[in-house]
Amino acid sequence: MLTGRLCWVPLLLALGVGSGSGGGGGGSRRRRLLAAKVNKHKPWIETSYHGVITENNDTVILDPPLVALDKDAPVPFAGEICAFKIHGQELPFEAVVLNKTSGEGRLRAKSPIDCELQKEYTFIIQAYDCGVGPRETAWKKSHKAVVHIQVKDVNEFAPTFKEPAYRAVVTEGKIYDSILQVEAVDEDCSPQYSQICNYEIVTTDVPFAIDKNGNIRNTEKLSYDKQRQYEILVTAYDCGQKPAAQDTLVQVDVKPVCKPGWQDWTKRIEYQPGSGSVPLFPSIHLETCDGAVSSIQITTELQTNYIGKGCDRETYSERSLQKLCGASSGIIDLMPSPSAATNWTAGLLVDSSEMIFKFDGRQGAKIPDGIVPKNLTDQFTITMWMKHGPSPGVRAEKETILCNSDKTEMNRHHYALYVHNCRLVFLLRKDFDQADTFRPAEFHWKLDQICDKEWHYYVINVEFPVVTLYMDGATYEPYLVTNDWPIHPSHIAMQLTVGACWQGGEVTKPRFAQFFHGSLASLTIRPGKMESQKVISCLQACKEGLDINSLESLGQGIKYHFNPSQSVLVMEGDDIGNINRALQKVSYINSRQFPTAGVRRLRVSSKVQCFGEDVCISVPDMDAYVMVLQAIEPQISLRGTDHLWRPTTQFESARGVTLFPDLKIVSTFAKAEAPGDLRTTAPKSAVLEEMLHNLDFCDILVLGGDLDPRQECLELNHSELHQRHLDATNSTAGYSIYGVGSMSRYEQVLHHIRYRNWHPGSLETRRFRIKCSELNGRYTSNEFNLEVSVLREARVSDKEHVNHLIVQPPFLQSVHHPESQGSIQRSSVVPSIATVVIIISVCMLVFVVAMGVYRVRIAHQHFTQEAEAAKEAEMDWDDSALTITVNPMEKHEEPGHGEEETEEEEEVEEDVSSSSSESEDSEEEEEEEGVGRGRHGQSGARHTQLEWDDSALPY
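Before going into details, it helps to say that this report is about the structure given with it. From a predicted model like this one, the values you see are computed outputs, not experimental measurements.

## Things to note about the pattern of salt bridges
The final tally for this structure, using the stated rule, is 19 salt bridges. With a shortest N-O distance of 2.7 Å, Arg-592 and Asp-312 are connected by a salt bridge. Taken together, the residues span a long stretch of sequence, with Arg-592 in the loop between β42 (586-590) and β43 (598-610) and Asp-312 in the loop between β21 (293-303) and α4 (318-324) at a distance of 280 residues. Both residues of the pair, Arg-592 and Asp-312, belong to the buried class. Salt bridges linked by common partners bring Asp-312, Glu-544, Arg-592 and Arg-600 together as one network.

See the structure below:
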């Protein structure tokens, strides 16, 4: 207290205040009076301040600077500034006094300031003087000043894109102002650092550009064929030129210019044989480019005119096809495959198949007499496949297909079928003795198909005087019929020809004329009968075509129509969705087990109608193809007994000798077996699997000369054929069974083929060969050869051979099995198997005999050593008269005669029996003990043991 008082003395003296006496109360009043006199004024500061602070820093720069003034200066305490106080809650600032006398202060942050949390601060500040003493009493404060502080941003954040990737679709051939816009943001608080000032494409050599707003555009026209998608990287910069932390990916898909048409279909469709109905376009749909379509008509065409005869048909012979379709019998094939019996087509050109003959205007074939009867009657049918093009020249010559004309002297045509100027003409001249009046003689048809260079099936049904033409199953009446006089009777022979007409008269030398240009196949004639519409449709039917899966699911409003061959399908509707679903159900089907491999072309054409618009969309045609893969080729095998021996009585019997009692027809194909271990490097083995299919003929040929009909023949009951819907022809060269039937049917028929010979005395062996075919020779079996021998009895004298083992007898010399009526007799022998069995039996027999002889001699030696001399002769082993009788069914060899050969056999068998001698020691000891006991017994027992007992020999 004393010290405080002493401090005020200089001040009081300076103010001229004297000291005086007084009490305590008087002192307090004097101090208040002193303060009122000394601290007269309040501190003064500016009314407002503006400050700036950089984030993450604590210094605030104020404008104006923070300074407080007091008019009481230089009075101590009263004229000094002691504090600055900030008014506000939880403000991150504080004000400190740097100099009390000058009143200078500083505003600073108590903690780092984050601009992203708060960009500006506003608060109140006041200045306080020091009052009248160090106790901070009687302080005076200034007026309130407003402080406004802005936080200065630091570029601490990089730009980021709003999307990790962008995608856009553009149409080729266009320049876009903006394809898409990318956008990036920055978390900084200031406009300078939070705004994106620039975008840049990082990927080089791309036809794109970007502006400062992020709009991407193409700098050149894009091509769908050149590149269908572009991938570019884009980055962004803020105004502080800080790049983005991660680039963004922009994908630009180029789509073709919207062109109306079918989409999502494949050009190649593979067809595996046996797959049934396979959809052609399972995902197809029509793109209309937003066109207003009112209706659409779709035509799907399967083009098979270059496959076979217009499409994939069965390639059986015409005779087999006629029977398969139920045609009446009596058909005569005028153009059969060349063979020994049908050789008139051997000189013709063959086009890709033995069933298709090509004529180039220089060939013709004469059909032998007797093949076709002279009188065809008033009803007959001519059928053929023909492929013909336009004839050369303006007025072309007649092109003869079939002609029956005079062989010599004259040049009259009795009936003919020819093409003239793309018209099909049938000529039929009746004989004069039938009627002496004009009669229809020429029937003309004018059809575009005659010269379109495509295959067509023609059937001419004649029921005189009416002649009807069927082409591809459709009926056509002649557009022109001309009459003529009948032909005068004569005794001139006639010549039937194909490919040209025979000119026998009016020329110096008979020759062919009016040659045909084109291809022919399956030319037949059937005298006395006409074919029905059903049979005609079956004969020309295609085995492949278009199909629709699930007709019920086509949808309402869909109309469809097939042509007769199912090669053209027309569908119509007014709803695009239903049309798409309908076309997705269109399929290809091929019912052949072995279809013709190759390409089948497809074309889909569309006609679109729009709602009253002048311009409607045009849908281009669609071209595709079906690739029919190669079918698995079967391997047809014939197996059975290849050598038969039969007695002469069986050859002479009414039933004869059954040639193929156990013949088996098996068809297999090779299937690759998957390896069990992938590490195995061995090649894959093929596994044979059996398959079932039909046959169309089996030929039995006689080898070594034809049959002599006076003493031998081949026979087969016709009931066996008819029950199985097969036919057959018989000749001295062999037997031919034909018709489409299963392999089991052919087996059953072949089991009943019999051979008879009325005079087998001069016969030693007859050889036959059998061969079967599928699809008219496309797949053939192996050639199975059979030998049939006469079994004759052979007598062997006992004086010549003591034992049958010494002679090799003929096979089955002593075996005879009479043929039973209830079943097929199978008393055949395979020499190779029989030889092996007989040799094994003989070896076992020789071994048993040798072992028996060996044991007897061991016993004999023991007896001779101890017996008396008088009994030795009685006990000697005499095998000179030994004879072993063996079953003649077994293989025989002669045993030795006498003791010398027996000893040789013992020496040979010693090596064989040495391995088993140890196991037989115990048996030999038992024999010796038995012999000893017999020696002490009766003498009759000795004779009993020394006798040859063959009852216990294991033959």
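## A short note on unusual backbone geometry
Between Ala-73 and Pro-74 the backbone carries a cis peptide bond, its omega angle lying at 10°. Following the sequence through the fold, Pro-74 ends up in the loop between β2 (60-63) and β3 (81-87). Cis peptide bonds are those with omega within 30 degrees of zero, and the linkage from Phe-464 to Pro-465 qualifies with 10°. Despite not being glycine, Asp-205 shows a phi value in the positive range, around 55°.

## Let's talk about the side chain of Thr-304
Note that Thr-304 resides in the loop between β21 and α4. By relative accessible area, which is 8% here, Thr-304 ends up buried. With near-sequence residues (within four places) excluded, Thr-304 lies in contact with Gly-310, Cys-311, Glu-544 and Arg-600.

## Remarks on the nonpolar core
In this structure, Leu-659, Phe-660, Ile-665, Leu-714, Ile-737, Leu-750 and Ile-753 are the most contacted members of the largest nonpolar core, which totals 55 residues. In contact with Ile-665, other than residues within four places in its own chain, are Ile-636, Ser-637, Leu-638, Leu-695, Met-743, Tyr-746, Glu-747, Leu-750 and Cys-772. Counting residues in hydrophobic clusters, the runner-up holds 41 residues, among them Met-335, Leu-447, Tyr-458 and Ile-525.

## Structural notes on the packing of aromatic side chains
For any two aromatic rings, the description comes down to two numbers: the centre-to-centre distance and the angle of the planes. Across all of its chains, the model carries 16 aromatic pairs by this definition. Connected via pairs of aromatic rings, a cluster forms that spans Phe-93, Tyr-121 and Phe-123. Between Lys-366 and the ring centre of Trp-502, over which it is positioned, the NZ or CZ distance is 3.7 Å.

## Some remarks on helix α6 (residues 576-584)
Among all positions of α6, only Asn-578, Ile-579, Asn-580, Ala-582 and Leu-583 are buried. Among the structural elements, β17 (261-263), β20 (285-287), β21, β41 (568-573) and β42 are those in contact with the buried residues of α6. Sitting at the amino-terminal end of α6 is Asp-575, which places a side-chain oxygen 3.1 Å from the backbone nitrogen of Gly-577.

## A word on the sheet that holds β43
Taken in spatial order, the six strands make up an open sheet running β18-β44-β43-β21-β41-β40, and their pairing is mixed. Either end of the sheet is taken by a strand with one partner, and the two such strands are β18 (268-271) and β40 (559-562). If you compare each strand with its neighbour and ignore which way they point, the axes differ by 20° on average.

## Considerations on a positive patch on the surface
The grouping of Lys-42, Lys-85, Lys-141 and Lys-144 at the surface amounts to a positive patch. The topology assignment puts Lys-144 in the loop between β6 (120-129) and β7 (145-152).

## Observations concerning the state of the cysteines
For the structure on display, the rule yields ten disulfides. At a sulfur-sulfur separation of 1.7 Å, the disulfide partner of Cys-82 is Cys-130. Between Cys-82 and Cys-130 the sulfur-sulfur dihedral comes to about 110°; the bridge is accordingly right-handed. Taken as a pair, Cys-82 in strand β3 and Cys-130 in the loop between β6 and β7 lie far apart in primary sequence, 48 residues in all. The pair formed by Cys-82 and Cys-130 is uniform in burial state, with each residue classed as buried.

## Describing the sheet that holds strand β28 (residues 413-420)
Here we have seven strands laid out as an open sheet, ordered β25-β35-β27-β28-β29-β30-β34, and antiparallel in their pairing. Two strands in the sheet have a free side with no partner beyond their single neighbour: β25 (365-367) and β34 (480-484). Looking at each pair of strands side by side, their axes are set apart by 20° on average, direction ignored. In this structure, strand β30 (residues 439-446) lies alongside β34, joined through five bridges in antiparallel fashion. Paired with Pro-440 across the bridge in β34 is Asn-483.

## Topic: the pairing of strand β5 (residues 104-109)
Burial of β5 is one-sided: the residues Gly-105, Leu-107 and Ala-109 facing one way are buried, the residues Glu-104, Arg-106 and Arg-108 facing the other way are not. As defined by bridge partners, strand β4 (residues 93-99) adjoins β5 across six bridges and the pair is classed as antiparallel. Across the sheet, the residue bridging to Ala-95 is Leu-107, located in β5. Turn length for the β4-β5 hairpin, with the two strands adjacent in sequence and antiparallel, is four residues, and the turn residue Gly-103 shows positive phi of about 80°.

## What about the pairing of strand β39 (residues 544-548)?
β39 sits mainly inside the fold: four of its five residues count as buried. Across five bridges, the pairing between β39 and β42 is antiparallel. Across the sheet, the residue bridging to Asp-547 is Ser-587, located in β42.

## Digging into the environment of Arg-511
Considering the arrangement of structural elements, one finds Arg-511 in strand β37 (residues 511-513). Residue class for Arg-511 comes out partly exposed when judged on its relative accessible area of 43%. In this structure the C-alpha to C-alpha distance between Arg-511 and Gly-364, which are 147 residues apart in sequence, comes to 9.9 Å. Apart from the residues lying within four places of it in its own chain, the contact partners of Arg-511 are Cys-501, Trp-502 and Gln-503.

About the cut-offs
Residues numbered from 1 in each chain as written. Predicted model: local features only at pLDDT ≥ 70, side-chain atom pairs only at ≥ 80, totals over all residues. Heavy atoms only, no water. Salt bridge = Lys/Arg side-chain N within 4 Å of Asp/Glu carboxyl O. Helix = DSSP H or I, 4+ residues; strand = E, 2+ residues; numbered from the N terminus. Buried < 20%, exposed > 50% of the residue type's maximum accessible area, 1.4 Å probe, protein only. Contact = heavy atoms within 4.5 Å. Core = buried A, V, L, I, M, F, W, Y, C linked by side-chain atoms within 4.5 Å. Phe/Tyr/Trp six-rings, centres within 6.5 Å; stacked < 30°, edge-to-face > 60°. Lys NZ or Arg CZ within 6 Å of the ring centre and 35° of its normal. Polar contact = N/O pair within 3.5 Å; in protein donor to acceptor, adjacent residues only side chain to side chain. Pairing = 2+ DSSP bridges. Axes fitted to C-alpha atoms, helices over the stretch in contact; angles between N-to-C directions. Patch = residues over 30% accessible without salt bridge, like charges linked within 9 Å, V, L, I, M, F, W, Y side chains within 5 Å. Areas by Shrake-Rupley, 256 points an atom, 1.4 Å probe, with all protein chains shown as cover. Lys, Arg positive; Asp, Glu negative; His and termini not counted. Charge placed at Lys NZ, Arg CZ, Asp CG, Glu CD. Disulfide = S-S within 2.5 Å.

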